[in-house]
Each structure stands twice: as C-alpha cells, then as structure tokens.
Number of protein chains: 2
Amino acid sequence: MQRFINNPELVVDDLIRGFVKANKKLVKVSKHNNRVLKVNNSSEIKKVGIVTGGGSGHEPAFLGYLGDNMVDAVAIGEVFASPPAQAFYDAIIEADHGKGVACLFGNYAGDNMNVKMAIQMADDDGITVKYVVANDDIASSPKETAEKRHGIAGGVFMWKIGGARAALGGSLDEVIQSAQKAVNYTRSICVGLNSCTIPAVGKPNFSIKEGEMEFGIGHHGEAGMKVEKLKSADEIATEMTMAILEDFAFAEKENLVVLLSGLGSTPVMELYILFDTVEKILTERGHHISKVFIGDYVTSLDMNGVSLSIMKVDEELVELLDYSAKAVG
Amino acid sequence: MQRFINNPELVVDDLIRGFVKANKKLVKVSKHNNRVLKVNNSSEIKKVGIVTGGGSGHEPAFLGYLGDNMVDAVAIGEVFASPPAQAFYDAIIEADHGKGVACLFGNYAGDNMNVKMAIQMADDDGITVKYVVANDDIASSPKETAEKRHGIAGGVFMWKIGGARAALGGSLDEVIQSAQKAVNYTRSICVGLNSCTIPAVGKPNFSIKEGEMEFGIGHHGEAGMKVEKLKSADEIATEMTMAILEDFAFAEKENLVVLLSGLGSTPVMELYILFDTVEKILTERGHHISKVFIGDYVTSLDMNGVSLSIMKVDEELVELLDYSAKAVG
C-alpha cells in the first residue's frame, strides 16, 4: 500500500486535524463532538442551518463543503462508514439558530438511519429538522426504484443550492424545496478503472482487471451496471453522457450544468479529455452548458475513476448556483 | 495502462479542446498558434503582459493559471516537453499590449532555450520581454548550484504575484522584481511513491518498488536525493519540511505560505494528513502560517506523490497574494 498515512486506524483523526489547521479561519471542531466540524461564528448567523455528513474517504466531501453560504456543520464518519446518530445530532445542534435545520445528505442505508434518529433526538429538543436525500447515482438502482439510488457528486449541487437559499433568508421549507429541486434535476454516473484501498484493510476493496473498466461503479466499489473492455475516453464519455440523457429524458433544449469529478487518483488532464466529448454530445443535441465544474469534488480514497453529474437548471437554480459562497471543496 | 484517453499521441490536443470548452468565458485559442491559449479580451487590457508555458502533463499547470490578474498567455508543449520557441513567441505576441511582457517559467533546459530564442524574436519586433525562472526544487541541485534547480509548484506563487503586480499597474521592471522575489523566497521538495506513465510510451517512466519511496523526485521522474523505505506520513512530512527549513535558513519567526500539491494520483485525504505535521513543525519553530493551499496545483500525469512548497512572505507578497484573481488552477 503506497500511501501517505500514519496509523491506518487513525486516518480520519489525522485528516480532521490537518483539515482544521489548514482552514482555521473558516471552520472549527465542535465543542460537543470531535467528529463534528462547524463554520466559524455560525452562532451569529440567524438563518436556517445546513447540515450534512457521511463516511470519510470522499474528500473534499463532506467537510470541504463547510463554509460561508454553504454547509454550517458536518458529521464525519469513519472511512466509508456513516457517522453515528449522535454526530448528526451534534451537527444539528451546532447549525441550529432557531430557524430550523435542513439536513442534506446522500442516500445510503446507514446515513438514512442515523439522520432519522438524530432528527428524532433534535425534535425532542424542540428543533425542527427537515431533510433532502441525494439519489443522483443512476447506476445504483433502475429508474423504477429511483428512491433506492445512492447519492454521489450531485450532492455538491444540493449543498450549494440549499446553502444559498438559506443565506438569502429562505425559510426551512424554501431551503428544502430548492435543495430537493437540485436533486430532482441531477443525474450522475461513475466509471472505475482501478479499485481503492481502505487504509485499515490494506488491500484493494475489489478488483478491476487490467484492460477492463466498470461502468456505473459505486463510490465504495459497489458493483456497477457492467464490466466492459476498457474503451477510449471518447467512448466512455459518450456512454456516460448517453446513460444520463436516457435516464433523465430532458426536453430538447435544456440549460445544463456539468460536474466531472475524479474519484481520487485520476489525473486532471483526463478529466478535460473526457469533458471534450461530454460537451460535444450535449451541444450536438441542442443543450446549453451554462456552467462547468472539473476537479476532485467527491472522491473515493485512491480510486481511479470519474463521476459525471449533469443538472438541469432553471432561473432559480442559476441564481442560487451563482450566489457567492466560500468553501474549500 | 488504465487511463481515460483516446489516441495516446493526441492527448495534448484532446486536453486543450476540453479545457477551452470548459473555460470558454475565461480563455481562448490564439489565432496564430493552436498550442497557445490566451485570456479573453486581453487586448483591451493595457498592462504588462504575463506569459508562461511548459510541457503538458502538469495540469492544472500551466494553462490553468491563465486568468484575470494572473497569466495572460500560455505556450503548451507536448507531454513533459518544452513548447517550441515559436509557441513562446506567439504567446508573447498575444500578451503584449505595449507595456512589455514578463515571461515567468520553470527552470528546464528546453524551456530556457526556447524562451530565450522567443525573446530574441520578440526583440526583433520591438517588444521588450524580461523573464524570471522558477528554481524552487531544492532536490534538483545542491544549494551551491541553486541556479541549476528546476521549477516546480512554487511557480504558482510566481504567477500569482507577478500577475497581481501587473494588474496593479506595475511596470515591467516592477513585475519582474516582485516575481523574482516570490522565487527567491520559495523552496519546494517532492516525494514520490509510484511512477507516472507517459501515454504515448504506455509503460511507467521509472520504477519505485512497493514499500519504498523516492525523496526529492523530480516532476518528470528525475532521480531524487535518495530512495528510502516507505515511511509514515508524519515522518515524510517532517523530512520534507526540515529539508526546506535547512535549505532556506529562515530567520526565527517568519510569516510563511504553504502549498501542498498532489502529483496526480494522490488522494485529497492524504494531503491533509501530511499538512497536519508540516503545520506542527513550522509552528513549533515559531513561524506563522498565513495562507495554505492544498490540492492538485502542479501535477505529473498519474504520479503518486506530493510536493511541498513554502514561501516566506513580507507585506508586499501578502498584498499581491491576496489581490483578487480568477483562474481555473
């Protein structure tokens, strides 16, 4: 395992310490829970609180989306494991300023269970919490059971848009409505070329043979839709884009936002090579790309792969996406 | 080779096409040369022009540092190969607005030769070009022959600071002076855990054995200072930081800026784990870290490794670093 780590059991502690030191003007550790981070001076802000959380190994998600006009508090789990209900609860307490809290998280069994327990705990304290669950990964379940789909990089749009609505003074219901719209309008798909290795395990999580690729792979190595012979970047980008277009059934000329994220060990060069074809296919079909995000937005440790997310935007979503925000991710 | 590419001989063309499409509000291809990019509307700006350039495979460098108040035009070479003199010349032409051009590049034999030929060509046209050569990589030559050292991620500081000085209306000499100060005040060092693979070659550029690491590796796989047993992140970060401190011989309490860049396939998590120790060592010695940059700033295709850059800053450099700029990288 050729990695820059110390004790493999303590990577999350080491990560949090380094992250907080690097961003001390922006974030701090909660006094209640050392696995909860919050934005600085959040207590002075009288707005709907935004909470998220999830397993580690997806950096800059989730903690990197803490920031002004983005996420107010985040619950941090072990590598690829949901934070406990207590951590989500403590994050809710940190983000609550009397206007209610929106918990915007990705659809995984553990997170779902723990967020709901935390909401119950907060409810006992008289704090109103509503939630939106990102389920943008079209490979993780068929369209007919879209509610079972996992949340991946599309969550970035949900946090940005929910965070902006809250910053603009939106009520809890308005924040939930805007964040839910972002989720409804977003579809994502991944392709993996090599596995990732959980540090504490020390060997690859799964295996992709040299010369093969896994289309629709999940962020924790969940089996994809199919294992195929490794194709060219053009072919891969075409297959990914078409899968999203078919699933979404866009109208003819939509205004779209594209996010291409490396999954951990994918060079920046290759993201641009893939984008060239994504753009070609979308514009050939008459769509307009109004914004592009390319980089490491949501990763899976050292997985060699990419995720493509496409969001349809209307005037409201464009305004909220453009609204100024400050976060590391 | 598990990569997202098309024809390995054409990765640079594919990269440029994707990059320009993704950033069309910010950059465009030069009319004179399809391997030269320039910022949009640069012809309306009456300031000293900033030019850089170098081999591809280091994305987001060099093209990602094009932008408002940063670099005005960039010459793009093949993978790990200098752009020809003609490309540097065309970039100079694009960046020239009658106030002279500052060419801020990294110290490699090919770039040095081609930049100097381009400057001669521009001189024949009556365009004054001066240059600064980044030589921040302390592993690439001993202190006594520091002028032979290569330029690596420290170049980012040079572009940011030179670009800000030009945007603030600085003369060519003032831009050169500020950029040279950034170079003089910066030291960098890399550690590699795995090689990179040039797409057109198709096999690893060099080899690092499982369980070993190369301390001081160059951005193209140039041999480092020593091959060692793979150490913990704490030990590696300590060794890197101490190497820079010893080379620089800082005064006791300096104001420092730290940049930790992945070299291509290094997960974000590990950069923060390393930073935790870098910060500890610097602050224990009484230094103050005023700014931190963590991410993929200058890479080497899919190399598994990191570079650490530390810049000493005074009031002038802080002001120029803080000056607003817009660029992808």
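For the structure given in this document, a descriptive report is provided here. (Residues numbered from 1 in each chain as written. Chains lettered and ligands numbered in written order. Predicted model: local features only at pLDDT ≥ 70, side-chain atom pairs only at ≥ 80, totals over all residues. Heavy atoms only, no water.)

1. Topic: the overall build of chain A
Helix and strand counts for chain A come out as eight helices and 14 strands. Against the compact-globule benchmark of 20 Å for 329 residues, chain A has a radius of gyration of 19 Å, which places it among compact chains. Expressed along its principal axes, the backbone C-alpha trace of chain A runs to roughly 55 × 50 × 35 Å. Here chain A holds 329 residues, and 64% of them are scored as buried. Sequence separation of 24 or more characterises 72% of the internal contacts of chain A that already satisfy a separation of 6 or more. Of the roughly 11700 Å² that chain A leaves accessible, carbon and sulfur atoms contribute 50%. Taken as two groups, the 32 positive and 44 negative side-chain charges of chain A have centres that lie 4 Å from each other. (Helix = DSSP H or I, 4+ residues; strand = E, 2+ residues; numbered from the N terminus. Rg over C-alpha atoms; globule rule 2.2 N^0.38 Å. Buried < 20%, exposed > 50% of the residue type's maximum accessible area, 1.4 Å probe, protein only. Contact = heavy atoms within 4.5 Å. Areas by Shrake-Rupley, 256 points an atom, 1.4 Å probe, with all protein chains shown as cover. Lys, Arg positive; Asp, Glu negative; His and termini not counted. Charge placed at Lys NZ, Arg CZ, Asp CG, Glu CD.)

2. Some remarks on the relation of the copies chain B and chain A
Superposition of chain B onto chain A requires a rotation of 180 degrees combined with a translation of 0.0 Å along the rotation axis, giving an RMSD of 0.0 Å. Taken together, the rotation and translation describe the operation of a two-fold axis. Residues of chain B ranked by C-alpha distance from the rotation axis are headed by B:S265, positioned 1.8 Å from it. (Least-squares fit on C-alpha atoms with pLDDT ≥ 70 in both.)

3. Comments concerning the side chain of A:E254
On the secondary structure map, A:E254 appears in the loop between α6 (233-248) and β11 (255-262). We classify A:E254 as buried; its relative accessible area is 14%.

4. Some thoughts on the packing of aromatic side chains
Residue and element names in this part refer to chain B. By the definition in use, this model includes twelve aromatic pairs over all chains. A ring pair is formed by F62 and W159, whose centres lie 5.6 Å apart and whose planes are at 70 degrees; its orientation type is edge-to-face. Remark: W159 occurs in helix α4 (residues 155-167) and F62 occurs in the loop between β3 (49-56) and β4 (67-68); sequence separation between them is 97 residues. Using a relative accessible area of 14% as the deciding quantity, one classes F62 as buried. Since its relative accessible area comes to 2%, W159 is described here as buried. (Phe/Tyr/Trp six-rings, centres within 6.5 Å; stacked < 30°, edge-to-face > 60°.)

5. Thoughts on the sheet that holds strand β3 (residues 49-56) of chain A
All names here are of chain A. Pairing in this open sheet of six strands is mixed, and the strands run β1-β2-β5-β3-β6-β7 from one edge to the other. Each edge of the open sheet carries a strand with a single partner, namely β1 (27-29) and β7 (129-134). Going across the sheet, the axis of each strand differs from the next one's by a mean of 25 degrees, ignoring polarity. In this sheet, strand β6 (residues 101-106) lies alongside β3 in parallel orientation, the contact comprising three bridges. Along β6, the bridge assignment pairs V51 with C103. Its contacts with the sheet place helix α2 (residues 85-95) against β2 (36-39), β3, β5 (73-79), β6 and β7, and it is angled at close to 155 degrees to β3. (Pairing = 2+ DSSP bridges. Axes fitted to C-alpha atoms, helices over the stretch in contact; angles between N-to-C directions.)

It is worth stressing that arrangement in space is one thing and function is another; only the former is reported here.
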